[in-house]
Amino acid sequence: TDRECTKQFVIPADGYVMTDNLTLYAKWTESAQNDKVTVSYVIPQKDGSSITNHSTLKRGTMLTSVGICYDTTRTFVGWYFDEQYTIPFNVGSGYKVDEDLTLYAKWVNYPVGDVNKDNKVNNVDVFLLQWNILNNKVMSTDDTALADTNYDGKLDRFDVHALNVFISERDN
């Protein structure tokens, strides 16, 4: 019954008879439903279809990690804000989710380690990876994903080692 809404007006169960003018004020609160946002993860399949997974987060949550997809015949490049894969989602920097969000998984159709993109992972790929690292060659995001065999986001001797171990174990 007051402007600050500190006094609640309750109508008795047996009713209320007005004998004078009465001014009521309404106080609105945001529903709990508005405290939640949905993050959708669109994962394209080889046949052209997509699978979409969803998670519900509290509005304002800092998104600092997102799952990595694995497939033995293609390489996961990363998450993007758009279907054309022009705006990368940088998981490491964190992202405050204030509204519903859709992320798109990008793939290249070569297995991890297939640096020369011939659909075979072999010593030629090891050589090319070593050459790229030694010569500080700047590689595209897609090519870096192919060569980052230990999934740490950078190309170094550990990727060469991981690729050698993979080939050795596969061939023995």
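Residues numbered from 1 in each chain as written. Predicted model: local features only at pLDDT ≥ 70, side-chain atom pairs only at ≥ 80, totals over all residues. Heavy atoms only, no water.

Q: Kindly report on helix α1 (residues 123–134), identifying the contributing residues and their values.
A: Counted at 1.5 Å a residue, the expected span for α1 with its 12 residues is 16 Å, and the 16 Å between its end C-alpha atoms agrees. Within α1, burial applies to Asp125, Val126, Leu129 and Asn132. For α1, the angular spread of buried residues about the axis comes to 130 degrees, placing them on one side. Residues of α1 that are exposed and point more than 90 degrees away from the buried face comprise Asn123, Phe127 and Leu134. Buried residues along α1 sit in contact with α2 (141–147) and α3 (157–171). Its side-chain oxygen at 3.0 Å from the backbone nitrogen of Val124, Asn122 defines the N-terminal cap of α1. One or two positions beyond α1, positive phi appears at Asn136, with a value near 50 degrees. (Helix = DSSP H or I, 4+ residues; strand = E, 2+ residues; numbered from the N terminus. Expected span 1.5 Å × (residues − 1). Buried < 20%, exposed > 50% of the residue type's maximum accessible area, 1.4 Å probe, protein only. Arc of directions from axis to C-beta. Contact = heavy atoms within 4.5 Å. Polar contact = N/O pair within 3.5 Å; in protein donor to acceptor, adjacent residues only side chain to side chain.)

Q: Describe in detail a nonpolar patch on the surface, supporting the description with residues and values.
A: A contiguous nonpolar patch, built from Ile11, Tyr16, Met18, Leu22 and Leu24 and spanning about 500 Å² of accessible area, is present on the exposed surface. Take Leu24: it is sitting in the segment before β1 (36–44). (Patch = residues over 30% accessible without salt bridge, like charges linked within 9 Å, V, L, I, M, F, W, Y side chains within 5 Å. Areas by Shrake-Rupley, 256 points an atom, 1.4 Å probe, with all protein chains shown as cover. Salt bridge = Lys/Arg side-chain N within 4 Å of Asp/Glu carboxyl O.)

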